Amino acid sequence: MNALEAMASRRSIRRFEDRPVSRQIVEAILRAGTQAPSGKNRQPWRFVVVSGDQRATMVKILRDAVAEAKKRGESAGSADGTALVMERAPVTVFVFSPEGTDPWAPRSVGQAFQELVDVQSVGAAIENMLLAAQDLGLGSLWIADVFYAYEELRSWLRETGQMVAAVSFGYAAEKPVPRSRRPLGETARWL
């Protein structure tokens, strides 16, 4: 599969087969992430892989944090559904920017610019991983709902720095239809 085919055929998968993903395949996906471009070649990413029995703890932490948010009257968005996806996915990779700070922490303008470049670089690494998974016959889901348990998950994962996202991987148990995309005329302008 070439890159354009992988981009066109990739879908966000929310249902996975009950089938493990080999460490060899996960490492190939992670290596693809490390091949992403990064500002000044800083390579500002760190990955924490959760699989096997550790998934139950990960999901409990997320569900507990979502329940606390609901008790405070806050919206939990799609986090309940995300917890179910993460529970069923054989592998979830948490992606950190090691030198980044918490989103709510004060920072200088220079720090803000550096973190913006680093998060863009991490986004490129995540996209590489999604496309590698597609090429290797896996489904994936890029997850932001982990922010409902930002501090709890980061502590459990024993990580510092900024948690940017998580990505769940596994063999797809669904084939979603392509979602509509805005026409290029609405998203691009030529000078």
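Conventions adopted
Residues numbered from 1 in each chain as written. Predicted model: local features only at pLDDT ≥ 70, side-chain atom pairs only at ≥ 80, totals over all residues. Heavy atoms only, no water. Pairing = 2+ DSSP bridges. Helix = DSSP H or I, 4+ residues; strand = E, 2+ residues; numbered from the N terminus. Axes fitted to C-alpha atoms, helices over the stretch in contact; angles between N-to-C directions. Contact = heavy atoms within 4.5 Å. Buried < 20%, exposed > 50% of the residue type's maximum accessible area, 1.4 Å probe, protein only. Salt bridge = Lys/Arg side-chain N within 4 Å of Asp/Glu carboxyl O. Expected span 1.5 Å × (residues − 1). Arc of directions from axis to C-beta. Phe/Tyr/Trp six-rings, centres within 6.5 Å; stacked < 30°, edge-to-face > 60°. Lys NZ or Arg CZ within 6 Å of the ring centre and 35° of its normal.

(A) Layout of the sheet that holds strand β1 (residues 46-51). The four strands are arranged β1-β2-β4-β3 in an open sheet whose pairing can be described as antiparallel. Single-partner strands in this sheet number two, and they are β1 and β3 (139-143). The mean angle between the axes of side-by-side strands here comes to 20 degrees, regardless of whether they run parallel or antiparallel. As paired strands, β1 and strand β2 (residues 91-97) are joined by six bridges and run antiparallel to one another. Bridged to Val48 within β2 is Phe94. Packed onto the sheet, helix α4 (residues 79-88) meets β2, β3 and β4 (162-170) and runs at close to 140 degrees relative to β3.

(B) Structural view of the environment of Phe169. Its location among the elements puts Phe169 in strand β4. The exposure class assigned to Phe169 is buried, which follows from its relative accessible area of 2%. In this structure, the C-alpha to C-alpha distance between Phe169 and Arg14, residues 155 residues apart in sequence, is 9.6 Å. Once you skip the residues sitting within four places of it in the chain, Phe169 turns out to touch Phe16, Ile29, Ala89, Pro90, Val91, Val93, Met129, Ala133, Gly139 and Ser140.

(C) Layout of the pattern of salt bridges. By the definition in use, this model includes 13 salt bridges. Glu99 is the partner of Arg42 in a salt bridge, and the nearest nitrogen-oxygen pair spans 3.1 Å. With Arg42 in the loop between α2 (23-34) and β1 and Glu99 in the loop between β2 and α5 (109-135), this pair connects stretches of sequence that are 57 residues apart. The class for Arg42 is partly exposed, based on a relative accessible area of 30%. The class for Glu99 is exposed, based on a relative accessible area of 60%. Between Glu159 and Arg46 there is a salt bridge; the shortest N-O distance is 2.6 Å. Residue Glu159 is found in the loop between α6 (150-156) and β4, and its partner Arg46 is found in strand β1; the two are separated by 113 residues along the sequence. Overall, the relative accessible area of 29% leaves Arg46 in the partly exposed class. Via salt bridges that share partners, Arg42, Glu99 and Asp118 belong to a single interconnected network.

(D) Here's a closer look at α2. The terminal C-alpha atoms of α2, which comprises 12 residues, lie 16 Å apart, in line with the 16 Å expected from a rise of 1.5 Å per residue. All buried positions along α2 are accounted for by Ile25, Val26, Ile29, Leu30, Ala32 and Gly33. When α2 is viewed along its axis, its buried side chains cluster within an angular range of 155 degrees and face the same direction. Residues Arg23 and Gln24 are exposed on α2 and point more than 90 degrees away from its buried face.

(E) A look at the packing of aromatic side chains. Overall, the coordinates contain two aromatic pairs when judged by the stated rule. Consider the rings of Trp104 and Tyr150, whose centres lie 5.1 Å apart with planes at 70 degrees: the pair is edge-to-face. A residue pair is termed long-range when its members are at least 10 positions apart, and Trp104 in the loop between β2 and α5 and Tyr150 in helix α6 qualify at 46 residues. Centroid distance Phe147 to Tyr150: 6.2 Å. Interplanar angle 35 degrees. Geometry classified as tilted. By relative accessible area, which is 38% here, Phe147 ends up partly exposed. What links up through ring pairs into an aromatic cluster is the set Trp104, Phe147 and Tyr150. A cation sits over an aromatic face here: Arg19 above Tyr171, 3.6 Å from the ring centre.

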